[in-house]
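# Commentary on secondary and tertiary structure
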Amino acid sequence: MTRASAANADDCQGGPVLRDGGSIFRLAMARLPAWPRAAARRWLSPAASIGVVLAIVGTTAATLQHLRFERDLALQSGAREVDIRATILAARLDAALAAAPRASSAGVIRQVLDAHPEERLAEAIVVDRFGQRIAIDPPEAVIADQLARLGWNWSDDGDRGGVHRVDAGGRGDRFTAVRELPAAAARVAFASPVDLHLAAWRRAALATVALLAWTLALMAAAALLYGVEVRCKRARIREERARRARIDLALNRGRCGLWTWDLRRGRIVWSPSMFDVLDLAERPGWWTIADLRALMHPEDESLEGIARLATERRGECVEVEFRMRAADGRWVWLRKRAEVVEDEESGGLSLVGIAFDVTERKREAEASATADQRLRDAIEAISEAFVLWDSGNRLVLCNSKYQGLYSLSGEAVRSGAHYGELAALGGLERPGADAAGAAATGLRSRTYEARLTDGRWLQVNERRTHDGGYVSVGTDITALKEHEEQLINSERLLLATVAQLRQSRHSLEEQAQQLADLAERYHEQKARAEAANRAKAEFLANMSHELRTPLNAIIGFSQLMGSQTFGPLGSEKYRDYCGHILASGEYLLQVVSDILDMSRLEAGRERLCYGRFRAEQAISRAVQDIAPTAREKRIAVTIDVGADLTIEADPAAVERILITLMRNAVKFAPEGGAVEIGAQALAEQVCFYIEDNGPGIAAEDIARIGRPFEQGDVVMANGMKGSGLGLAIANSLVELHGGTLRLGSRAGEGAVAVVALPRVQRCTRAIALARVA
């Protein structure tokens with residue numbers, strides 16, 4: 001069995017049907033031979049027309065019969081509704097008349113009917129046994145007389161519980177019902193228009209008739225469109241045949257063929273022109289992948305690779321080139337352009353495309369590449385730099401010498417970069433820069449010198465080509481330029497050296513005079529500084545002696561007078577005065593001692609004596625120093641320090657630092673305030689901190705209160721006087737230890753002082769430090 005017959009057999013066994021969405025009938029028509037298929041087409045249009053007419057008649061008859069049946073059901077339903085409502089109303093009327101025998105019958109009836117408006121019927125009349133009307137509702141009832149006669153003349157042996165249809169004499173039929181009222185010895189007759197009960201049926205019938213008319217119109221339009229479609233399809237078939245013939249002719253002349261590859265079934269179908277490209281005599285209906293793999297060159301892209309590439313780039317056109325063996329054994333180059341297409345019915349994927357015979361183009365390209373390579377090899381062998389530009393100033397060709405001179409990348413050379421893109425590299429001469437001058441003189445060439453970015457020089461010979469481009473050959477003349485420049489530089493250097501020697505001699509003379517003046521002024525300033533320092537030392541020594549002697553006497557005698565050693569003073573106020581004199585003298589003595597200590601610190605004559613001690617000891621002594629003042633102001637002092645925390649420093653200096661800071665904290669803390677002192681070990685340092693809840697320090701005062709004789713505005717405002725040397729001495733002692741003193745505060749929230757000292761000193765120095773009493 002051949003591939004074509006196998007395909008036909010597969011189709012007959014349930015293979016893919018028509019791809020244009022045809023029906024089973026159309027598929028069966030397609031299976032018929034030519035002459036039965038033509039006969040069926042001739043009889044198809046009359047049969048379709050008769051079928052459409054029969055369908056319209058049958059649909060109309062069925063609809064009318066359905067409407068008649070629905071009308072009968074509506075009449076039966078209306079009669080039942082009148083019967084039920086008449087029975088209910090009659091029972092209520094009889095009960096109301098029995099409950100009120102003396103009341104007006106008309107009033108009672110009106111009250112009952114108004115109490116249940118949803119159950120009342122269109123018309124009602126009550127008559128007594130003599131046929132007289134007792135009540136009528138509504139008063140303008142159109143068949144009042146008929147109801148009255150009907151209510152009284154009803155035969156006793158008749159069916160008074162039924163419903164009858166009565167002709168109202170040109171006013172439409174009515175459903176009527178008569179019921180007995182035993183309590184009033186009367187009868188009540190009810191009537192309801194038949195049209196009222198048929199209203200819903202009429203609306204449904206109208207909608208049904210409209211739907212029927214629309215359906216019939218659609219069927220007629222469908223039949224008309226089907227006839228038009230049949231004629232159009234026949235015209236399309238004839239046009240498709242002509243188009244296929246033209247396409248086959250174009251494919252044969254263009255040496256190309258169409259491919260259709262069913263990826264799910266693995267079948268590849270060729271157009272007849274594809275067989276002509278390879279000169280194949282055997283033309284199967286479809287190919288398998290194995291069949292075509294035997295025809296393809298083993299070094300080219302495989303069919304599986306082509307299918308995978310097309311699937312990955314789904315929605316895009318892929319283009320590949322490969323070789324296939326022709327009938328005579330030669331290899332034919334094919335360029336295939338294809339795209340994956342999805343079947344709308346089955347959802348299967350197919351690779352549809354066209355293959356061109358590009359064998360001659362490949363041969364021409366190879367010959368051109370060979371000639372081009374020979375030209376490039378010849379240009380590369382030139383010792384000078386060679387470059388070719390086209391008329392649009394794009395790089396066409398250059399050798400490695402030119403590429404190296406201008407540091408061009410291989411990508412820029414291969415891509416044919418524009419001059420504007422390469423000009424940023426610097427030193428690149430614009431091709432044809434003097435083209436206007438050359439054209440004016442009738443010359444097609446020029447010679448010029450160009451300097452590269454790396455300092456080298458080229459002599460460029462440029463000639464214009466017939467297509468408007470330029471070819472340039474550059475010779476490296478860097479050595480000549482360097483020799484010429486060396487001669488010029490040597491002359492310039494010689495002249496500059498002579499000028500510099502003259503200027504240097506003049507400058508040396510001026511500098512010698514300036515040095516002499518500076519030396520003389522230095523000796524004068526040094527002598528003045530030494531004299532001032534000696535005067536300062538003598539002044540401080542004299543002040544210390546002159547002030548301490550009377551202060552000691554004042555302090556001693558005030559202590560004797562205060563203790564009343566030689567008898568009472570006579571008045572208690574004298575003891576208070578002695579206490580003020582003693583406190584003032586001690587304060588003045590402390591100020592003098594602070595001034596002397598500050599002077600020694602500034603002169604650098606202080607020496608520290610290091611030793612290891614516990615931080616708790618220094619904190620305890622500082623707390624003891626301010627304890628009396630703290631008790632007097634009722635200030636709570638808190639200590640937070642570990643018993644095993646040790647530090648290597650000068651104990652006396654650390655105690656003085658802490659005492660100074662604690663005195664300030666207690667001095668500025670308010671009555672009943674709090675002061676906290678503690679120490680913590682942080683890495684290679686020991687940090688002492690003192691915190692109070694006083695008025696705090698303004699931000700602009702923190703930077704200056706550590707300098708000698710500087711005080712904050714709060715001190716001045718509160719009258720808390722001081723020498724302004726305590727923090728300056730403490731800061732100097734901290735810096736001698738190699739530590740830092742930092743102050744932090746917010747106005748009105750208190751202040752905190754943090755002293756960070758090295759935990760272990762790197763070297764030990766002998767110190768002579770004034771001890772704090």
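Scoring rules and cut-offs
Residues numbered from 1 in each chain as written. Predicted model: local features only at pLDDT ≥ 70, side-chain atom pairs only at ≥ 80, totals over all residues. Heavy atoms only, no water. Helix = DSSP H or I, 4+ residues; strand = E, 2+ residues; numbered from the N terminus. Buried < 20%, exposed > 50% of the residue type's maximum accessible area, 1.4 Å probe, protein only. Contact = heavy atoms within 4.5 Å. Areas by Shrake-Rupley, 256 points an atom, 1.4 Å probe, with all protein chains shown as cover. Polar contact = N/O pair within 3.5 Å; in protein donor to acceptor, adjacent residues only side chain to side chain. Phe/Tyr/Trp six-rings, centres within 6.5 Å; stacked < 30°, edge-to-face > 60°. Lys NZ or Arg CZ within 6 Å of the ring centre and 35° of its normal. Salt bridge = Lys/Arg side-chain N within 4 Å of Asp/Glu carboxyl O. Expected span 1.5 Å × (residues − 1). Patch = residues over 30% accessible without salt bridge, like charges linked within 9 Å, V, L, I, M, F, W, Y side chains within 5 Å. Lys, Arg positive; Asp, Glu negative; His and termini not counted. Charge placed at Lys NZ, Arg CZ, Asp CG, Glu CD. pLDDT = per-residue confidence, 0-100. Pairing = 2+ DSSP bridges.

## What about the overall build of the chain?
On a plain count of helices and strands, the chain comes out with 22 helices and 23 strands. For the chain, the proportion of its 773 residues judged to be buried stands at 32%. Counting only contacts in the chain whose residues sit at least 6 apart along the sequence, the fraction spanning at least 24 positions is 56%. For the chain, the accessible area works out to roughly 46300 Å², and carbon and sulfur atoms hold 56% of it.

## Structural notes on unusual backbone geometry
With a phi close to 55 degrees, Arg-634 is a non-glycine residue in the positive phi region. With respect to the element layout, Arg-634 can be found in the loop between α18 (615–632) and β18 (636–640). For Arg-634, a relative accessible area of 57% translates into the label exposed.

## Section: the side chain of Ser-271
Relative to the helices and strands, Ser-271 resides in the loop between β7 (267–270) and α8 (272–278). By relative accessible area, Ser-271 is classed as buried at 9%. Separated by 2.9 Å, the side chain of Ser-271 and the backbone nitrogen of Leu-258 make a polar contact. For Ser-271, the contacting residues outside a window of four places in its chain are Leu-251, Gly-257 and Leu-258.

## Brief notes about the packing of aromatic side chains
A ring pair, where both rings are aromatic, is described by two values, the distance of the centres and the angle of the planes. According to the stated counting rule, one finds 5 aromatic pairs in the structure shown. Looking at Lys-362, its charged tip hangs above the ring of Trp-333, at a distance of 4.5 Å from the centre. The positively charged end of Lys-481 is found above the aromatic ring belonging to Trp-457, 4.5 Å away from the centroid.

## Details of the pattern of salt bridges
Going through the model one piece at a time under the given rule, you end up with 28 salt bridges. One salt bridge connects Glu-299 with Arg-323, and the closest N-O pair in it is separated by 3.9 Å. One end of the pair, Glu-299, is in the loop between α9 (289–293) and α10 (303–312); the other, Arg-323, is in strand β9 (residues 318–325), with 24 residues separating them in the sequence. A single salt-bridge network, built from bridges that share partners, covers Glu-319, Glu-321, Arg-335, Arg-337 and Lys-362.

## Examining helix α19 (residues 651–668)
In this model α19 runs 26 Å from its N-terminal to its C-terminal C-alpha over 18 residues, within 8% of the 26 Å that 1.5 Å per residue would give. Of all 18 residues that make up α19, 14 are buried, and the element is covered over most of its length. Capping the start of α19 is the job of one residue whose side-chain oxygen sits 3.0 Å from the backbone nitrogen of Ala-652: Asp-650.

## Description of a negative patch on the surface
Side chains of Asp-476, Glu-482, Glu-484 and Glu-485 sit close together on the surface and give a patch of like negative charge. Here the element with the most residues in the negative patch is helix α16 (residues 478–563); it accounts for 3 residues. Residue placement: Glu-484 occurs in helix α16. The class of Glu-484 is partly exposed, set by a relative accessible area of 44%.

## Some details on the confidence of the model for the chain
The predicted model of the chain has a mean per-residue pLDDT of 76, with 80% of residues at 70 or higher. Counting interchain partners and residues more than four positions distant, the pLDDT-below-50 stretch residues 1–37 has 33 contacts. The model gives residues 154–159 a pLDDT under 50, and that stretch makes 9 contacts with residues more than four places away or in other chains.

## Looking at the pairing of strand β13 (residues 395–398)
Note: strand β12 (residues 385–389) against β13, 3 bridges, orientation antiparallel. If you follow Val-387 over to β13, its bridge partner there is Cys-398.

## Structural notes on the side chain of Asp-262
In this fold, Asp-262 is placed in strand β6 (residues 256–262). It is Arg-265 that comes nearest to the buried, bridge-free Asp-262 among opposite-charge side chains, at 4.2 Å. Among the polar contacts listed, one links the side chain of Asp-262 to the backbone nitrogen of Arg-264, at a separation of 3.2 Å.

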